[in-house]
Amino acid sequence: MPTKKKSAASQRIPRLPIALVLFTALLLGGLFCIDLWQRAQDTQRHAAQQRDFALIDANIRTLLQQKLDKAQSRERQAATQLQQFVAHDPVPTETPCDISSPATLTVVVNKKHCIEPQSWTPQNLTLVEGFFVRQEMAGQLTSLLSTIRSTGATISLTSAFRSYDNQIATYNEGVNITGTTALADSTRARPGYSEHQTGLAIDVKAGNCALECFASTPAYTWLQAHAAEYGFIERYQQGMTPITGYSPEPWHWRYVGRTVALDMKAKNLKTLEAYYDITGGDYS
Ligand SMILES: [Zn+2]
């Protein structure tokens, strides 16, 4: 009998280590499965992130391409317009110090002196802040605008070169608003009689303050003091209507070059008509 007991005990002894081995194996297997599952999750997350990044990249590329296309389209449009102006220009060369040729910086255009030929277009227009102006004044205009802004004042262009056809529309609009050509004539030039057609005139505003309101702005005060240093004059000043033919236009500035502008200022002459001693006033 004792031999039988011993045999039974020796048969029970290995069960514990086997159980431990099995438990450990199960535990390790479980941990391995969890690790595999986590790796699979990470891989899926990574793949999803890659897809998102690829989508964002594609969207950014599309937006950039659209922006580039728009910029190129604007440039092409501007080049085409410029080409049309050049092709349209019947005046091949400029004559210095001439007050009758629209190609010169000193041309005088008023209600007694129209542009000849009336549909004349400058051959050397260039863009400044989105507006066409004559090449000769582009540098000075850019400096003038940036210097005014450096003082803290606000200023922007509202108009510059206007073609003969454009002036027809502008003048007709004036007639429609005022009801008569007489009233329209006091504020808007007839086609062929506008300084804007020379590409040497600009209209400006300060923020939302345009037209008469501009006279009350710091930008206007600055222009009165310094515009001549950049070759600009205030073309239609207060009290000069009988000479210029126009009501005061504090927003309208004309480029004549530094020499003439500074000379006019030194001599306290407020109109080109007085400076060149030529007739002005109304149409008749
Ligand atoms: Zn103007």
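Residues numbered from 1 in each chain as written. Predicted model: local features only at pLDDT ≥ 70, side-chain atom pairs only at ≥ 80, totals over all residues. Heavy atoms only, no water.

Of note, Ile202 is situated in strand E4 (residues 201-205). Between the C-alpha atom of Ile202 and that of Phe232, which follows or precedes it by 30 residues, the distance is 9.7 Å. Once you skip the residues sitting within four places of it in the chain, Ile202 turns out to touch Val133, Met137, Leu141, Leu157, Ser159, Ala160, His196, Phe232, Trp251, His252 and Trp253. (Helix = DSSP H or I, 4+ residues; strand = E, 2+ residues; numbered from the N terminus. Contact = heavy atoms within 4.5 Å.)

What the rule picks out here adds up to 1 disulfide. Residue pairing for Cys209: its cysteine sulfur links by disulfide to Cys213, the two sulfurs lying 1.6 Å apart. When the S-S torsion is -105°, as for the bridge of Cys209 with Cys213, the disulfide is left-handed. The exposure class assigned to Cys209 is buried, which follows from its relative accessible area of 13%. Overall, Cys213 belongs to the partly exposed group, its relative accessible area being 37%. (Disulfide = S-S within 2.5 Å. Buried < 20%, exposed > 50% of the residue type's maximum accessible area, 1.4 Å probe, protein only.)

Next up on the list: the environment of Ser159. When you line up the elements, Ser159 lands in strand E3 (residues 156-159). Note on Ser159: relative accessible area 12%, which makes it buried. The spatial distance from the C-alpha of Ser159 to the C-alpha of Phe132 is 8.6 Å, given a sequence separation of 27 residues. Sequence-distant contacts of Ser159, that is, excluding residues within four places in its chain, are made with Phe131, His196, Ala201, Ile202 and Asp203. A polar side-chain atom of Ser159 sits 2.8 Å from a polar atom in the side chain of Arg162. (Polar contact = N/O pair within 3.5 Å; in protein donor to acceptor, adjacent residues only side chain to side chain.)

An ideal rise of 1.5 Å per residue puts 21 Å on 15 residues; helix H4 (residues 164-178) measures up with 21 Å between its terminal C-alpha atoms. For H4, every residue scored as buried is listed here: Gln167, Thr170, Tyr171, Gly174 and Val175. For H4, the arc enclosing every buried residue in end-on projection is 140°, short of the 170-degree limit, so these residues lie on one face. Pointing more than 90 degrees away from the buried face of H4 are the exposed residues Asp165, Asn176 and Ile177. Buried residues in H4 make contact with helix H5 (181-187). A positive phi of about 95° marks Gly179, the residue just after H4. (Expected span 1.5 Å × (residues − 1). Arc of directions from axis to C-beta.)

The next subject is the coordination of the zinc ion. The coordination sphere of the zinc ion contains the protein donors His196 (NE2), Asp203 (OD), Asp203 (OD) and His252 (ND1), at a distance range of 2.1 to 2.7 Å. Here the zinc ion binds 4 donor atoms, and the angle range of 52 to 153° at the metal identifies the geometry as irregular. Each donor residue of the zinc ion lies on one chain, and together they are spaced H-x6-D-x48-H. Of this pair, Asp203 sits in strand E4 while His252 sits in strand E6 (residues 252-255), and the two are 49 residues apart along the sequence. For Asp203, a relative accessible area of 7% translates into the label buried. (Donors = N, O, S within 2.8 Å, 3.2 Å for Na, K, Ca; no water. Tetrahedral: all angles 85-135°; square planar, octahedral: opposite > 155°, others 65-115°.)

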